[in-house]
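# Topology and contacts: notes
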Amino acid sequence: MKRTLCKVESLLRRLSVGKRLALAVAVLVVPMTVLIVVSVLVLERQEARLHRSVEEAVTLLVPLATLEYDLQRALTDVLAAETGESVPDYGGLTGAIDRLFSQLAGTASDRDLPPQSVARARSAWQSARPAIEGLVEQARPLHLAGDTPGFASVRRRLASAIGDLQQVQTHLSTAIKRRAARAVQTQQRQLEWLVGAWGVTLLIATAGLVLIVHSIVRPVRALGRTVQRLGAGDLTARADTDAGDELGAVAGYLNAMARHFVAWKRVTEDAANQDALTGLPNRRGILAALEAALAASAATQGSVGVLMIDVDRFKTINDQYGHAAGDQALNWVAQVLSSQLRGDDQVGRYAGDEFLAVLPGAGHEEARQIAERLCERVIQSARSDPRRPTLTLGVAASRGGEASAEALIAAADRALYRGKQAGRGRVGIG
Ligand SMILES: Nc1nc2c(ncn2[C@@H]2O[C@H](COP(=O)(O)OP(=O)(O)OP(=O)(O)O)[C@@H](O)[C@H]2O)c(=O)[nH]1
């Protein structure tokens, strides 16, 4: 299930966010519109059918009811007794009923009327019809003539015609009721179908919407988490750039920004720790190296040697040959120191004409020997060139990392001072 959702999401993410939002609107609007149109059509059709059905019921039953009423009146002698009263239009009524049945004969099934009930009504009418014709006309003169036995026979026939007519009405009513019941059932089924269709459509539309919204919200949240991690200083954090949409592009930009920031940070960190003139670590850089060496020696119970190196009478070089020559002299000293030290050793420019060398693993004696070698090497070179200065070095060393960087530097400084006091161009011992 989760894999399927992931697949759907990756398919969706091939579309841009804008297209996905348009799709979300379409997913909601299109099926709803179709359903609304279908619902309106169905309800309109149902209403029209109901209307037609009522109309038809009236058309079918009213002539029969009228005829029955008139026959009933004839039967109760009202019509025959009152000579002034006009005789109802029996011919018209029977004709109308005839037409009704001939219409029904062709279209009963079309009108959803049960054909059997209609056929029964029709045959009942056919048997009633001849009796009805002329009955009232016969009744009138018989009654006026006082022909009681003849009149009694007409009355019987009238009663029987009324019975037949009632049967016709009963059969037709049954047909109409059945049709109404079927129509109600159909209406119910259609309404159920509509409710079901609405439910399914809403469900599918909601699922589609959830998927589309998820395909936007999830990468936005992931981007947010990456930005949060980067903001908290975790420069290894990277956003997922798999998708080809706008959010994938933003993730790519964010990653590029993070990479540039890392590179820029490295450059600025390097610049912050590097001396611009000599290219050696500056005071900050060499102190960091000393701290690191002390921390490592504390773990291994090893030693760290420190050399504080000062250029002798550097002011004189500046004064005699100019500042540029002084800079060159400093660069030369930096080169000699770097080239003479071992791989793990580090040297940095501590102050104006002062250098600090950190010698991990070197005890006091080893540090002193290294200092002597450096001092000798510089003195030899300086002999041939008056612009090259000699060095005075102060030696100190710690064991097992017990001394702090400040204490070690202070000890090397004191040793340096002793070297200067002793006449320069030598190694002072702390
Ligand atoms: N050319 C140049 N001179 C510098 C630089 N930094 C510091 N100086 C100079 O270095 C000189 C340091 O002189 P001091 O510390 O007084 O001592 P010194 O002349 O070396 O004499 P001693 O240390 O007593 O042997 C000063 O004149 C500073 O102006 C730099 O980057 N370039």
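Residues numbered from 1 in each chain as written. Predicted model: local features only at pLDDT ≥ 70, side-chain atom pairs only at ≥ 80, totals over all residues. Heavy atoms only, no water.

The name an unreviewed UniProt entry gives the chain is diguanylate cyclase, with Modicisalibacter tunisiensis as the organism. Under the heading Catalytic activity (unreviewed entry), UniProt records this for the chain: "2 GTP = 3',3'-c-di-GMP + 2 diphosphate". (UniProt positions renumbered as here; feature names shortened; annotations may be inferred.)

The next subject is the side chain of Gln169. Tracing the backbone shows Gln169 in helix 7 (residues 148-231). Here Gln169 falls in the buried class, since its relative accessible area comes to 14%. Contacts of Gln169, omitting those with residues within four sequence positions, involve Leu61, Leu64, Ala65 and Glu68. (Helix = DSSP H or I, 4+ residues; strand = E, 2+ residues; numbered from the N terminus. Buried < 20%, exposed > 50% of the residue type's maximum accessible area, 1.4 Å probe, protein only. Contact = heavy atoms within 4.5 Å.)

This part is about the pattern of salt bridges. Scanning the model with the defined rule gives 14 salt bridges in all. The shortest N-O distance in the salt bridge between Arg20 and Asp245 comes to 2.3 Å. Within this pair, whereas Arg20 is found in helix 2 (residues 17-75), its partner Asp245 is found in the loop between helix 7 and helix 8 (246-273), the two being separated by 225 residues in sequence. The buried category is assigned to Asp245, whose relative accessible area is 4%. When the shortest N-O distance is used, the salt bridge between Arg342 and Glu366 registers 2.8 Å. Taken as a pair, Arg342 in the loop between helix 11 (323-340) and strand 2 (346-351) and Glu366 in helix 12 (residues 364-384) lie far apart in primary sequence, 24 residues in all. The exposure class of Arg342 is partly exposed, given its relative accessible area of 32%. On the accessibility criterion, Glu366 (32% relative accessible area) is partly exposed. (Salt bridge = Lys/Arg side-chain N within 4 Å of Asp/Glu carboxyl O.)

In a regular helix each residue adds 1.5 Å, so 18 residues correspond to 26 Å; helix 5 (residues 115-132) covers 25 Å between its end C-alpha atoms and thus fits that length. Restricting attention to buried positions, one finds in helix 5 the residues Ser117, Val118, Ala121, Ala124, Trp125, Ala128, Ala131 and Ile132. (Expected span 1.5 Å × (residues − 1).)

Moving on, we come to the packing of aromatic side chains. Summed over the entire model, instances satisfying the criterion amount to one aromatic pair. It is Arg283 that lies over the ring of Tyr350; its NZ or CZ is 4.1 Å from the centre. (Phe/Tyr/Trp six-rings, centres within 6.5 Å; stacked < 30°, edge-to-face > 60°. Lys NZ or Arg CZ within 6 Å of the ring centre and 35° of its normal.)

Quick look at the nonpolar core now. Counting residues in hydrophobic clusters, the biggest one holds 30 residues, and the most contacted among them are Leu307, Ile309, Leu337, Phe355, Leu359, Leu391 and Leu393. At the level of elements, strand 1 (303-311), helix 10 (314-321), helix 11, strand 3 (354-360), helix 12 and strand 4 (391-399) are the ones that each hand at least two residues to this core. Excluding residues that lie within four positions of it along the chain, Leu359 makes contacts with Ser303, Val304, Gly305, Leu307, Leu341, Arg342, Asp345, Ala367 and Ile370. The next biggest cluster of nonpolar side chains, apart from the first, holds 25 residues, and it includes Ile97, Ala131, Ala161 and Ile176. (Core = buried A, V, L, I, M, F, W, Y, C linked by side-chain atoms within 4.5 Å.)

Now for the site of the ligand. Taken together, 16 residues surround the ligand, and among them Arg313, Lys315, Asn318, Asp327 and Arg349 come closest. The backbone of Phe314 places a nitrogen or oxygen atom 2.9 Å from an oxygen atom of the ligand. Arg349 places a polar side-chain atom, nitrogen or oxygen, 2.6 Å from an oxygen atom of the ligand. Protein contacts shield 66% of the accessible area of the ligand, which totals 650 Å² for the unbound molecule. Broken down by secondary-structure element, the contributors of at least two residues to the shell around the ligand are strand 1, helix 10 and helix 11. Top contributing element to the shell around the ligand by residue count: helix 11, with four residues. A breakdown of the residues in the shell around the ligand according to their chemical character gives three nonpolar, four polar and nine charged. (Near = heavy atom within 4 Å. Polar contact = N/O pair within 3.5 Å; in protein donor to acceptor, adjacent residues only side chain to side chain. Areas by Shrake-Rupley, 256 points an atom, 1.4 Å probe, with all protein chains shown as cover. Nonpolar A, V, L, I, M, F, W, Y, C, P; charged D, E, K, R; others polar.)

Moving on, we come to the pairing of strand 4. The buried fraction of strand 4 amounts to seven of the nine residues, a majority that puts the element mostly inside the structure. Relative to strand 4, strand 1 is paired through nine bridges, and the arrangement is antiparallel. Note that in strand 4 the partner of Ser303 across the bridge is Arg399. Looking at chain direction, strand 4 and strand 5 (residues 427-429) are connected through three bridges and run parallel. Residue pairing in the sheet places Gly394 in a bridge with Gly428 of strand 5. (Pairing = 2+ DSSP bridges.)

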